[in-house]
Amino acid sequence: MPGPTTRARWAAFSCVLVPLALIGYGGRHAGAAGAALGLAAVTAACRVLLGRTERRVAESGAAQLHSEQHCSLRHPSRRPGAGARGGTPRAGRCTPGD
């Protein structure tokens, strides 16, 4: 997956390339400027949303790791090698809320 700087470079490249192509193929300068502004607005919105999503994924990944470590330490039947000595089949199992 490309890093944030790579995505920003491609976004800037497209915001410049599209208006140049429009002018090159005979489009009006006002239309090209409008396209550039529109692309810049969409790029900025996507960048904000992508940043939020990446932060949430990182936070949920850390929370899930903490939960898995908590369950294995808290419940002896979740430890490796507990086998049949762990009690009833449902005893000691962690739920997603643990």
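Residues numbered from 1 in each chain as written. Predicted model: local features only at pLDDT ≥ 70, side-chain atom pairs only at ≥ 80, totals over all residues. Heavy atoms only, no water.

A. Summary view of the environment of Ala36. The topology assignment puts Ala36 in helix α2 (residues 29-74). Sequence separation between Ala36 and Pro19 is 17 residues, and the spatial gap between their C-alpha atoms is 5.9 Å. (Helix = DSSP H or I, 4+ residues; strand = E, 2+ residues; numbered from the N terminus.)

B. Broad picture of the packing of aromatic side chains. Across all of its chains, the model carries 1 aromatic pair by this definition. Centre to centre, the rings of Trp10 and Phe13 are 5.7 Å apart; their planes meet at 85°, and the pair counts as edge-to-face. You can see Trp10 and its partner Phe13 sitting in helix α1 (residues 4-24), 3 residues apart, about one turn around the helix. Look at Trp10 and you get exposed, because its relative accessible area is 59%. A relative accessible area of 44% places Phe13 in the partly exposed class. (Phe/Tyr/Trp six-rings, centres within 6.5 Å; stacked < 30°, edge-to-face > 60°. Buried < 20%, exposed > 50% of the residue type's maximum accessible area, 1.4 Å probe, protein only.)

C. Highlighting the environment of Ala32. Mapping Ala32 onto the fold places it in helix α2. In sequence terms Ala32 and Ala21 are 11 residues apart; their C-alpha atoms lie 8.6 Å from each other. In this view, Ala32 contacts Pro19, Leu22 and Ile23; residues no more than four positions away in its chain are not counted. (Contact = heavy atoms within 4.5 Å.)

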